[in-house]
Every structure is written in C-alpha cells, then in structure tokens.
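Each chain is listed here by its residues.
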Amino acid sequence: MMKLPPLEYTFDNVVLGWREEAVSFAREHGYHLIVNSDQRQHYYLQREDNIKHKWFEGIYQLGINSLLPIPFSLQTLGFEDDKLKVITEGNTKVLINFEELHIFDLDNFTNINIEEVVKDYVVHDFFNIRVGAKQPGRDIVEFENTFVKTATFVPSNRHDRDKRGETLKDILVRSHIQAEDIKSFDFSETVVRLLLERKLKELEIRVIPAKAAREGKFKKNRNIQVSHAYRHVAKDTFRYNIVGDVDSRIVLHG
C-alpha cells in the first residue's frame, strides 16, 4: 500500500486554541487558527441564536477567509524538527512551517516542555423545570457565601410555550469550583441541585398557581421541581509551567 506524503503548509503566524480568546485573537490579526479540542466554552443558545454568537461568528469569518487550515477533528499535535505536526482523526499528517506560534490552549499537544496548570473551573449545571416552568419576569438569582454563584431562568428549548402562549423556563446555574474540588461530591450536580432548591424556597419562588389551582383543585404554592440535564466544565484561571527548553517562536497567551 502506497504511503501518501504529508500535507505541508507555510504560515507566518499560527494560533492554537479552542476558547473564544483564541478565535477573537486570530480573527483580529488575520492569523491561521488551529482548533485543538472539541471542547467549547459554555453557551446557552436558543434555536438559531448560535449563528449570532461571537465564537461562531469568529469561526465563520476565519473560515470564509481560508484561515482554518485543519479540520476541527484532530488527534494530536507536536513538533517534528522545527515544524508543527498535526495528526487528524483520519490519520492525515499535516506539517506547518511557521514564524510564530501563539498558544492559548495546550489540549492534545504531545511533546512540548510546557504544562498547563489549572487553578479553577467555571461550571454550568442545567436543570429542566419539571413543575413550575411558568415563571414570567424571573431573571437571575444570586447566591452568597457558596461556590454556586448564579441561577438564571432561561427560555426552555424543550418546548416554546404552553397552550395559553406563556413562555416556559428552565434554569442554568453557574458555579466557580477550585481544581482540587472539581471531582468532590461536595461540589457535585446533586449538591448544586440541593442548594438551588433551598434558594428558591428561601426566596419563595414557587409554582405559580394556574386557574385550576386558584379554584382549589390543586395544592397552591407548590415548590418548583427540577431535574438535572447536563453539566459543562471549562477551565477558568490557569498558568503555564515551563519544564524544559521551549522554542523561541512560541508566544504563550493566558
């Protein structure tokens, strides 16, 4: 079986990263971007709102300007001699000659004398409201003296409106968790749910009685019932630890 030679490109500046900071930097300077992870910062998007978001808009602009040379689905990155080597999920080898490599994220980099040390994470827990989804006028609930920071009532993507045309809501909770606590049960989805339910009771945010409830057919002022849908974890504060010789063409961005 004949082995195909690697693809090879030459760019003055290459940006490596998946966060919005990397996308914005590449777009602002007109540099080529390599998205080195399928991870993304959290965005709660309603229907087609994603096309209006800064990250997606940046990726679109980079794409139409031919500044995305590598498919998003890659396996590893590393150095081969003085070139950047990328192996895609299809096992295609790509070599890139560059003048400067701007690093925002080190995901999937295999042979670089730099470590990424994460201090803390921003965590989003999304909760479906099973009972009490009609919450007109509700916006953001703030927490104090806890790792949980805010709970935001957002329009539900599970259903648009009820039969009377009222908007139905779900809840997005944002937390700030230290790296050493990220796998601890005390900071888990279960604990977040308990803190959320306690806060809603404390603020007397309950099921808004429907007409049937006002007529006494159902119990009034029931507590809102939620179920956990998903958790999204993304690094927030981090630093680089240099553990050996580093190519002078590398520029680190925190």
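Rules used throughout
- Residues take numbers from 1 onward in each chain, read along the sequence in its written order.
- The predicted origin of the model limits local features to residues at a pLDDT of at least 70 and limits the giving and counting of side-chain atom pairs to 80 or more, whereas totals for whole chains, interfaces and linings rest on all residues.
- Note that the side-chain values use all heavy atoms of the structure and ignore hydrogens as well as water.
- Whether two strands pair depends on DSSP finding at least two bridges between them.
- Think of it this way: any DSSP run of H or I at least four residues long counts as a helix, any run of E at least two long counts as a strand, and we number them from the N terminus.
- Axes here refer to lines fitted to C-alpha atoms; in helices the fit is confined to the stretch in contact. Angles between the N-to-C directions go from 0 to 180 degrees.
- Roughly parallel refers to an angle under 35 degrees, roughly antiparallel to one over 145, roughly perpendicular to one between 65 and 115, and oblique to any angle outside these ranges.
- The handedness criterion is simple: a crossing whose near helix is rotated anticlockwise from the far helix by less than a right angle is left-handed, and one whose near helix is rotated clockwise is right-handed.
- Should any heavy atoms of two residues lie within 4.5 Å, those residues are considered in contact.
- Following the grouping adopted for this structure description, the nonpolar residues are Ala, Val, Leu, Ile, Met, Phe, Trp, Tyr, Cys and Pro, the charged ones are Asp, Glu, Lys and Arg, and the polar ones are all others, Gly among them.
- Basic side-chain nitrogens of Lys or Arg form a salt bridge, by our definition, when they fall within 4 Å of a carboxyl oxygen of Asp or Glu.
- Whether a residue is buried, partly exposed or exposed follows from its accessible area with a 1.4 Å probe, protein chains only, as a fraction of its type maximum: under 20%, in between, or over 50%, in that order.
- Residues belong to a common nonpolar core when they are buried Ala, Val, Leu, Ile, Met, Phe, Trp, Tyr or Cys residues joined through side-chain atoms within 4.5 Å.
- Aromatic rings from Phe, Tyr and Trp, with only the six-membered ring used for Trp, were paired whenever their centres fell within 6.5 Å, and each pair was classed as stacked if the ring planes differed by under 30 degrees, edge-to-face if by over 60, and tilted otherwise.
- Any Lys NZ or Arg CZ that is within 6 Å of a ring centre and within 35 degrees of that ring's normal is treated as a charge sitting over the ring.

Enquirer: It is not clear to me how the sheet that holds strand E7 (residues 120–131) should be interpreted in this structure. Could you clarify?
Expert: The strands that make up a sheet are held in pairs by hydrogen bonds between backbone atoms, and each pair lies either parallel or antiparallel. Spatially, E8-E9-E10-E7-E11 is the arrangement adopted by the five strands of the open sheet, whose pairing is antiparallel. Each of the sheet's edge strands pairs with one partner strand only, and the pair in question is strand E8 (140–142) and strand E11 (225–235). For this sheet, the mean angle separating the axes of adjacent strands, direction not counted, is 20 degrees. With seven bridges joining them, strand E9 (residues 148–155) and strand E10 (residues 169–178) adopt antiparallel strand pairing. Its bridge partner being in E10, Val154 is matched across the sheet by Asp170.

Enquirer: Which parts of the structure should I look at to understand the packing of helix H1 (residues 20–29) against helix H2 (residues 54–64)?
Expert: When two helices pack together, their arrangement is given by the angle between the helix axes and the distance between those axes. Close contact between H1 and H2 brings their axes to 9 Å; oriented N to C, the two are set at 40 degrees. Looking at the two axes, H1 sits oblique to H2. For the pair H1 and H2, the sense of crossing is left-handed. Contacts between H1 and H2 involve Glu20, Val23, Ser24, Ala26 and Arg27 on the former and, on the latter, Lys54, Trp55, Glu57, Gly58, Ile59, Gln61 and Leu62. Residue composition of the contact of H1 with H2, grouped by class: five nonpolar, three polar and four charged.

Enquirer: What exactly am I supposed to notice about the environment of Leu77 here?
Expert: Structurally, Leu77 is set in strand E3 (residues 74–80). Separated by 31 residues in sequence, Leu77 and Asn108 place their C-alpha atoms 6.0 Å apart. Sequence-distant contacts of Leu77, defined by excluding residues within four places in its chain, comprise Leu16, Ile34, Asn36, Lys85, Val86, Asp107, Asn108, Phe109, Thr110 and Asn111.

Enquirer: I would appreciate a short explanation of the pattern of salt bridges in the present structure.
Expert: Close approach of charged atoms lets side chains of opposite charge pair. Within this structure, the stated rule accounts for eleven salt bridges. Linking Arg19 and Asp105 is a salt bridge whose minimum nitrogen-to-oxygen distance equals 2.7 Å. Taken together, the residues span a long stretch of sequence, with Arg19 in the loop between strand E1 (7–16) and H1 and Asp105 in the loop between strand E5 (93–103) and strand E6 (114–118) at a distance of 86 residues. With a relative accessible area of 5%, Arg19 lands in the buried category.

Enquirer: Looking at this model, I keep getting lost on unusual backbone geometry. Mind explaining?
Expert: Across residues other than glycine, the phi torsion is negative in most instances, and most of the peptide bonds are trans. Within the chain, Ser66 stands out as a residue other than glycine whose phi angle is a positive 55 degrees. Along the polypeptide, Ser66 turns up in the loop between H2 and E3. A residue is classified by how much of its surface remains accessible, and Ser66, at 57% relative accessible area, is exposed. The phi dihedral of Asn108 is positive, around 65 degrees, even though this residue is not glycine. With respect to the secondary-structure elements, Asn108 resides in the loop between E5 and E6.

Enquirer: Please clarify how the nonpolar core should be interpreted in this entry.
Expert: Most often, soluble globular proteins have nonpolar side chains that are buried together. Residues Phe147, Ile171, Val173 and Leu196 are the most contacted members of the largest nonpolar core, which totals 26 residues. Elements with a minimum of two residues in this core: E7, E9, E10 and helix H3 (189–202). Setting aside residues no more than four positions away along its own chain, Ile171 makes contact with Asp125, Phe126, Phe127, Ile129, Ala151, Thr152, Phe153, Leu196, Leu200 and Val226.

Enquirer: What is the right way to read the packing of aromatic side chains from this model?
Expert: Working definition: an aromatic ring pair is given by the centre-to-centre distance plus the angle between the planes. With the rule as written, the count across this model stands at nine aromatic pairs. Judged by centre distance (5.7 Å) and plane angle (20 degrees), the ring pair of Tyr9 and Phe11 falls under stacked. Residue classification places Tyr9 among the partly exposed positions, given a relative accessible area of 29%. Plain terms: the ring middles of Phe79 and Phe109 are 5.4 Å apart, the flat faces sit at 55 degrees to each other, and that makes the pair tilted. Placement of Phe79 in strand E3 and of Phe109 in the loop between E5 and E6 is noted, with a sequence separation of 30 residues between them. By relative accessible area, which is 17% here, Phe79 ends up buried. Three or more aromatic residues joined by ring pairs form one cluster here, namely Phe25, Tyr31 and Phe104. The aromatic ring of Phe238 is capped on one face by Lys235, whose charged end is 4.5 Å from the ring centroid. Lying across the ring of Phe98, Arg249 places its NZ or CZ 4.0 Å from the centre.

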